[in-house]
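What follows is each chain in one-letter form.
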Number of protein chains: 2
Amino acid sequence: MIRANENYQKLKASYLFSDIARRVDQFQKENPDIRVIRLGIGDVTRALPPAVVTAFHKGVDDMADDATFRGYGPEQGYAFLREKIAAHDYQARGADISADEIFVSDGAKCDTGNFQELFAKDIKIAIPDPVYPVYLDTNVMAGRTGEFVDGRYKDIVYLDCIKENRFLPQLPETPVDLIYLCFPNNPTGTCASKADLTQWVDYARKNHALILFDAAYESFIRDVSLPRSIYEIDGAGEVAVEFRSFSKTAGFTGTRCGFTVVPKECRVFLNNGETVSLHGLWNRRQSTKFNGVSYPVQKAAEAVYTREGQAQIGELTAGYLENADIIGKTMVDLGFDYVGGDNSPYIWVDGQGRDSWDFFDLLLHKAGVVCTPGGGFGRCGSPYIRISAFNSRENVVDAMMRMKEALK
Amino acid sequence: MIRANENYQKLKASYLFSDIARRVDQFQKENPDIRVIRLGIGDVTRALPPAVVTAFHKGVDDMADDATFRGYGPEQGYAFLREKIAAHDYQARGADISADEIFVSDGAKCDTGNFQELFAKDIKIAIPDPVYPVYLDTNVMAGRTGEFVDGRYKDIVYLDCIKENRFLPQLPETPVDLIYLCFPNNPTGTCASKADLTQWVDYARKNHALILFDAAYESFIRDVSLPRSIYEIDGAGEVAVEFRSFSKTAGFTGTRCGFTVVPKECRVFLNNGETVSLHGLWNRRQSTKFNGVSYPVQKAAEAVYTREGQAQIGELTAGYLENADIIGKTMVDLGFDYVGGDNSPYIWVDGQGRDSWDFFDLLLHKAGVVCTPGGGFGRCGSPYIRISAFNSRENVVDAMMRMKEALK
């Protein structure tokens, strides 16, 4: 008799963004004349940069001719892309990461979701609250979280990110083996300083723990004192894996390319006390279950590292940061406390006592604006909403005017 | 302390095709003047069809303009592609599959590898021998196979495919819950008749088992009496999932697109005796761990279903089948028994008592031709080699001349 993975039954009824889509669809059906403005899901809206488009076409042309056609590529990604990533994103910033420590993938969601497969079933996991739902849900599916009781999975160590700690996760009081961190943070938009990250790296080294560091939003950092990679912290290569994406950096949410850095010095333990290379485990996982990223997409991603590409993505992220600034100023005008938005495309707004789904419904129904209810990211998010800067200038300006009108 | 998934330690040292690549690299290093001809890994070599290239470029152009730009797409794939697949590949052949039962992915390797996540840890699995290594290895990683003893994992029910049963898996003698089948078969190139598949569907229905049916090579079937989908068999929708790929059909090995069919009527059991929808489980898995296929790639795949696309992929597969015919005739001339090659791009050659790795080395060293040693696909494959028809006509003709010379 074919039996299901029972852990799926422990998942909450649906994925956050599907819930939102359902409510928005319903509203739109009832109010077909209202033009809804979406500042909810963190999806980019501006076209791929011209340098990327040119390289993408060139990659397609290569596939159109027997002489330049590419079949199966390396599961780890083409060297032409891995070398550019290592040189530009790491070595140029003093982080000692080599091309063969980079694994190109079809996006950070897949990698952050799949990476937990490499670990034992009974490790102890620390996850911030609020948090991007994928870290938690994929561990629920794998059977590491226990039952959902009073709004939380009982085997997870939650790291509360609240006003009192400036929305920064604090070291856990009980020992943990695996720690998920994300900076600039999704959903709160907060950033970690070098001192903040050093504290985590030191903790991991001392406790033989591992950090899964999600840096999908690093290209929004403008403050030069802030680290853009965890490998800017001494010793991090021994205890940290880093996930990145071209999604938000270069508008690749629909084009699909990201990468994961697994340093060769990073080791994990076997039951017999010996250690094995984490790089070897991930390499085996990817070789067995993945077949590499589309060649033209990798050519497109490579163009991000040209001089033109860099200038163009700089403009792209600057445009979104200006949107964030407009949103932040509107929150000040409306008298709302918020964090984020300066080195991040997300603004985390205190709802002044409102439950986040109520606030979501209010903005949808009174302003036709879609945000993301903080409660969807965890219990600590319930008093907040996340507003995303990913939309056109016109839409952001319009949405802010509507919010001022609705909340005055 | 961060502990590893110990199941990875049960895997054999390396993935078959990495082993082959290593031996070929070594040979090439020692013999830089010999032009090695690769008939090993089943990788296509001919350019994408013109209709696909045109649509691919058009998809890239859509991404170049804010007005037509696409961000996150549906995790399940765009309706424009799912509808074409359902209509053309299923409904037109009398199989009652609807668009929302199709899940577009970045390839059949990922899907056949990931699908096992949906099931309990202690189900009993039947896997043919020889077999595409991904089915087995991904279950090893998930801890379902037990230890590797005397060349086999002790908890797997192996379905021997040998000369005596025309290389067709026979119904297991002990009850099993999950069955992997692949037709046209990789590696043997054999096909299953409707009667063969009916026997499996009946078994699955009677025993509440599930069939994972890999149809990645269906486009090579020319014999109109052979089923191209398991859903051509009555009742299969209740007990079978089907995997397909554009890789071999339309030259997408480096472009990456495939799909999985999960009929809504297909149900799996919970421990409490209730059933859940398998479609719902896979939908949840894909929504949580996957972010959809690159939009321009889906546009490219859609073009496979245009009239021009169909004519062009027909030529493409016909060309490879002619190669297979040339290889088959050479085997006859050389006095080797073989199967496959008529409705399949693979030829499975009996090595006349040679061990498959010895035969592999002999062909590499004496003819500069790369095949795949059958032993890499399982114990029953040890007396055989697989020769692939995926190469240019010139290379296939040249390789066959070299083999005649080397083996005369």
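What counts, and where the lines are drawn
- Residues numbered from 1 in each chain as written.
- Chains lettered and ligands numbered in written order.
- Predicted model: local features only at pLDDT ≥ 70, side-chain atom pairs only at ≥ 80, totals over all residues.
- Heavy atoms only, no water.
- Domains from an automatic or database assignment.
- Contact = heavy atoms within 4.5 Å.
- Buried area = accessible area lost by both parts, 1.4 Å probe.
- Helix = DSSP H or I, 4+ residues; strand = E, 2+ residues; numbered from the N terminus.
- Buried < 20%, exposed > 50% of the residue type's maximum accessible area, 1.4 Å probe, protein only.
- Polar contact = N/O pair within 3.5 Å; in protein donor to acceptor, adjacent residues only side chain to side chain.
- Salt bridge = Lys/Arg side-chain N within 4 Å of Asp/Glu carboxyl O.
- Expected span 1.5 Å × (residues − 1).
- Arc of directions from axis to C-beta.
- Core = buried A, V, L, I, M, F, W, Y, C linked by side-chain atoms within 4.5 Å.

> I tried to follow the domain arrangement of chain A on my own but got confused; where do I start?
How big an interface is tends to be reported as the loss of accessible area on association of its parts. Residues and elements named next belong to chain A. What the domain assignment reports for chain A is domain 1 (6-47 + 308-407) and domain 2 (53-306). Look at where the C-alpha atoms of domain 1 and domain 2 centre, and you get two points 25 Å apart. Taken together, the 40 residues of domain 1 in the interface contact 49 residues of domain 2. Buried area between domain 1 and domain 2, summed over both chains or domains, comes out near 3600 Å², and the portion from carbon and sulfur atoms is 60%.

> I tried to follow the side chain of D89(A) on my own but got confused; where do I start?
All names here are of chain A. Within the fold, D89 resides in helix 3 (residues 79-90). Taking relative accessible area as the criterion, D89 reaches 10% and is therefore assigned buried. At a separation of 2.7 Å, a polar atom in the side chain of D89 contacts the side chain of Y305. For D89, the residues in contact, after removing those within four places along its chain, are K84, R244, F259 and Y305.

> Mind showing me how you'd approach helix 5 (residues 133-141) of chain B here?
For an α-helix, the turn length of 3.6 residues means that residues three or four places apart are oriented alike. Residues and elements named next belong to chain B. The element helix 5 is extensively covered by neighbouring structure, given that nine of its nine residues are classed as buried. Listing the buried residues of helix 5 in full gives P133, V134, Y135, L136, D137, T138, N139, V140 and M141. Following helix 5 by one or two positions, G143 adopts a phi angle in the positive range, close to 85°.

> How do you make sense of the interface of chain A and chain B when you look at a structure like this?
Counting residues at the interface gives 85 residues for chain A and 84 residues for chain B. Surface buried jointly by chain A and chain B totals about 7200 Å² across both partners, of which 56% is contributed by carbon and sulfur atoms. Connecting chain A to chain B are six salt bridges. Across the salt bridge formed by K109(B) and E75(A), the nearest N and O atoms sit 3.1 Å from each other. Inspection of the region where chain A meets chain B yields 43 residue pairs in polar contact (both at pLDDT 80 or more).

> Got a minute to help me understand helix 12 (residues 393-407) of chain A in this structure?
Residue and element names in this part refer to chain A. Between the first and last C-alpha of helix 12 there are 21 Å, a value that for 15 residues agrees with the 21 Å anticipated at 1.5 Å per step. Of all the positions in helix 12, only N395, V396, A399, M400, R402, M403, A406 and L407 are classed as buried. For helix 12, the buried positions fall inside an angular range of 165° around the axis, keeping them on one side. Exposed and facing more than 90 degrees away from the buried side of helix 12 are E394, M401 and E405.

> How should the side chain of K299(A) be read in this particular structure?
Residue and element names in this part refer to chain A. Among the secondary structure elements, K299 is positioned in helix 9 (residues 295-302). The class of K299 is buried, set by a relative accessible area of 19%. Apart from the residues lying within four places of it in its own chain, the contact partners of K299 are A55, G59 and F80.

> Explain the nonpolar core to me, please; I cannot follow it from the model alone.
Nonpolar side chains tend to gather and get buried jointly when the protein is soluble and globular. With 151 residues, the main nonpolar core has L278(A) and L278(B) as its most contacted residues. Apart from the residues within four sequence positions on either side, L278(B) is in contact with F115(B), L118(B), F119(B), L210(B), V241(B), V262(B), C266(B), R267(B) and V268(B). Formed by 136 residues, the second largest nonpolar core is a distinct cluster that contains L159(A), V239(A), F183(B) and C257(B).

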